[in-house]
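Listed below are the residues making up each chain.
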Amino acid sequence: MGQDVFYITTPIYYPNDVPHIGHAYTSVAADFLARYHRLRGEEVLFLTGTDEHGLNIQRRAEAAGIDPQAWVDEMAPRWKEVWAGLDIAYDDYIRTTEPRHEKAVQRLLTAVHENGRDDIYLGTYEGLYCVSCEAYYTEDELVDGMCPIHGRPVERMVEENYFFRLSAYADRLLEHYETHPKAVQPETRRNEVLSLIRGGLQDFSISRTNFRWGIPLPWDPNHVCYVWFDALTNYITAAGYGTDEERFARVWPADVHLIGKDILRFHAVYWPAMLMAGGVEPPDQVWAHGFLTVGGQKMSKTNATGIHPFELTEHFGVDSYRYYFMREIQFGQDGSFSWESMVDRHNADLANGLGNLASRILAMLGSSFDGVVPEPGAEGVEDDLPALIADVARRYDEHMSELALSQGLAAVWEVVGRANGYLVERQPWNVAKDEARRGELAAILYASAETLRILAILIGPIMPGAAQRLWEQLGIEQPLEAQRLPSAAAWGGLPPGTKTAKGDALFPRLDS
């Protein structure tokens, strides 16, 4: 953990259009992790935001006939609206046009410029430039003469720039990754970063004179700061760099920068070197997940696969949406989205799995005990449920700390599967027919309801809405948000006498 705070970030997104499910994939993962760490009682800082400078934005604004600030002011709320609609509970939303950010950027630039190692120098740059990436490419990095990421034509540019001496940091970076083997994950990405560094690092340009939409360099205001010293610095801005040193000491270094693998080089090579040059510790971990593909193509606006999250949430609901992407795709690898797999996952895991379990237990409590949770009765009737739940809670914690998000959810669903199996074996509907077995019925339904209570807590980080609805149906007085792991998952926490109520189905079945 950072210092005193679990600090997790998403990339700051480029607001040249509205978010699609590729952006939302990263944000839901970060939110899942942030909520999980809050559930463990940790103080959390979860940061997201928008990267609002650069030539691309300036051109988009000019084409729309408005100034760049007006353009980004119009776009930012459209991103916030999507995050609100997906239950993304961030603690801070940073926009790189804010005064606090300009201050942090100029402070970091000054620290690097004045570090006595000549890490920033003036030179002339000529290269092939993709406006969408805001990055230069060599001829051999292009695909059929086009940008390898966006498939768009590149432009030849020549200008006087300031450069950052990245080439001087290869040994320090290798030493850093040697002593911090978990600093880039998963392992395939770590290997990719090491081979990039060993292959030789090129200095990169940090300023532009051909546009004005950016932060001026403190020592030469004719140049505006170009993308990486501006965009990446957001992570330390929000931690208090340059504005609140006490806070910065508590929050930094970040525990996890969560990113897509296409921006790995910038986060795992450029960023730690920039921080080292400025006398700041690198982040603890950069975690790069795979691409989300639709019909075999990477999710993007340019190839018309940019599905808006609300197109899915209106059919599946927010909880099912969040669950599907974290459960279906092994986090870290590429994964493909399809409507059919989403319907299948919703019906199997949620409607028939958890939803059906809750509805059967609450219905039986209603018909046999007027909805009141009975005394637990003799031990042993709950079979292996307490032992399984204790084991699952432990594994869930291990998986979440390793960012094995799909495995974490798979572990929780072992409880759902076992609890459904328990009802089939114990057949409370038959036991209820025999008045002499009322004590046995009470014990079965107590064990079943207690399993639901623990499930509501464990699913809270991924499905906050469904967890809250289930909690309300269980009628537990203590608020769900006051529950803390590991103690809240200990068996026997449901007070007998609690008044439950079978509400609407948690997850109605969907037709494909």
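Conventions and cut-offs
- Residues numbered from 1 in each chain as written.
- Predicted model: local features only at pLDDT ≥ 70, side-chain atom pairs only at ≥ 80, totals over all residues.
- Heavy atoms only, no water.
- Helix = DSSP H or I, 4+ residues; strand = E, 2+ residues; numbered from the N terminus.
- Rg over C-alpha atoms; globule rule 2.2 N^0.38 Å.
- Buried < 20%, exposed > 50% of the residue type's maximum accessible area, 1.4 Å probe, protein only.
- Contact = heavy atoms within 4.5 Å.
- Areas by Shrake-Rupley, 256 points an atom, 1.4 Å probe, with all protein chains shown as cover.
- Lys, Arg positive; Asp, Glu negative; His and termini not counted.
- Charge placed at Lys NZ, Arg CZ, Asp CG, Glu CD.
- Polar contact = N/O pair within 3.5 Å; in protein donor to acceptor, adjacent residues only side chain to side chain.
- Salt bridge = Lys/Arg side-chain N within 4 Å of Asp/Glu carboxyl O.
- Expected span 1.5 Å × (residues − 1).
- Pairing = 2+ DSSP bridges.
- Right-handed = clockwise from strand over helix to strand, strands pointing away.
- Axes fitted to C-alpha atoms, helices over the stretch in contact; angles between N-to-C directions.

**Considering the overall build of the protein**
- The number of helices and strands found in the protein is 18 helices and 16 strands.
- Scaling as 2.2 N^0.38, a compact globule of 512 residues should have a C-alpha radius of gyration of about 24 Å, and the protein matches this with 26 Å.
- Counting only residues that meet the buried cut, the protein has 58% of its 512 residues in that class.
- Counting only contacts in the protein whose residues sit at least 6 apart along the sequence, the fraction spanning at least 24 positions is 77%.
- For the protein, the accessible area works out to roughly 20,300 Å², and carbon and sulfur atoms hold 48% of it.
- Averaging the locations of the 45 positively and 73 negatively charged side chains of the protein gives two centres separated by 3 Å.

**Structural notes on the side chain of His-289**
- Position of His-289 relative to the elements: it lies in strand S13 (residues 286-289).
- By relative accessible area, which is 4% here, His-289 ends up buried.
- Side-chain polar atoms of His-289 contact the side chain of Thr-26, separated by 2.8 Å.
- Aside from chain neighbours lying at most four places away, what touches His-289 is Tyr-25, Thr-26, Ile-259, Gly-260, Lys-261, Phe-331 and Gly-332.

**So, the pattern of salt bridges**
- Summed over the entire model, instances satisfying the criterion amount to 36 salt bridges.
- Salt bridges sharing partners connect three or more residues here, namely Asp-383, Asp-384, Arg-418, Glu-425 and Arg-426.

**Considerations on helix H14 (residues 385-401)**
- Under the 1.5 Å per step criterion, the end-to-end length of H14 is 24 Å for 17 residues, consistent within 8% with the ideal 24 Å.
- Among all positions in H14, only Leu-385, Pro-386, Leu-388, Ile-389, Val-392, Ala-393, Arg-395, Tyr-396 and Met-400 are buried.
- The inward-facing, buried residues of H14 abut helix H1 (21-39), helix H15 (405-426) and helix H17 (438-459).
- Just downstream of H14, Leu-403 is the residue with a positive phi angle, here 60°.

**Describing the pairing of S13**
- Covered by surrounding structure in S13 are Val-286 and Ala-288 together with Trp-287 and His-289, the residues of both alternating faces.
- Here two bridges tie strand S7 (residues 184-185) to S13, and the two strands are oriented parallel to one another. Residue pairing in the sheet places Gln-185 in a bridge with Trp-287 of S13.
- By the bridge criterion, four bridges tie strand S12 (residues 256-260) to S13 in an arrangement that is parallel. For Gly-260, the partnering residue across the bridge sits in S13 and is His-289.

**Concerning the pairing of strand S1 (residues 6-9)**
- Burial along S1 is two-sided: Phe-6 and Ile-8 and Tyr-7 and Thr-9, pointing in opposite directions, are all buried.
- Pairing geometry for S1 and strand S2 (residues 44-50), over four bridges, is parallel. When the sheet's bridge partners are listed, Phe-6 is paired in S2 with Val-44.
- Note that the unit made of S1, H1 and S2 has a crossover that is right-handed.

**Overview of the sheet that holds S1**
- Taken in spatial order, the six strands make up an open sheet running S3-S2-S1-S12-S13-S7, and their pairing is parallel. At either margin of the open sheet sits one strand with a lone partner, and together these are strand S3 (92-95) and S7.
- On top of the sheet, H1 reaches S1, S2, S12 and S13; it is set at about 160° to S2, its chief contact.
- Contacting S7, S12 and S13, helix H10 (residues 264-277) runs over the sheet at an angle of about 140° to S12.

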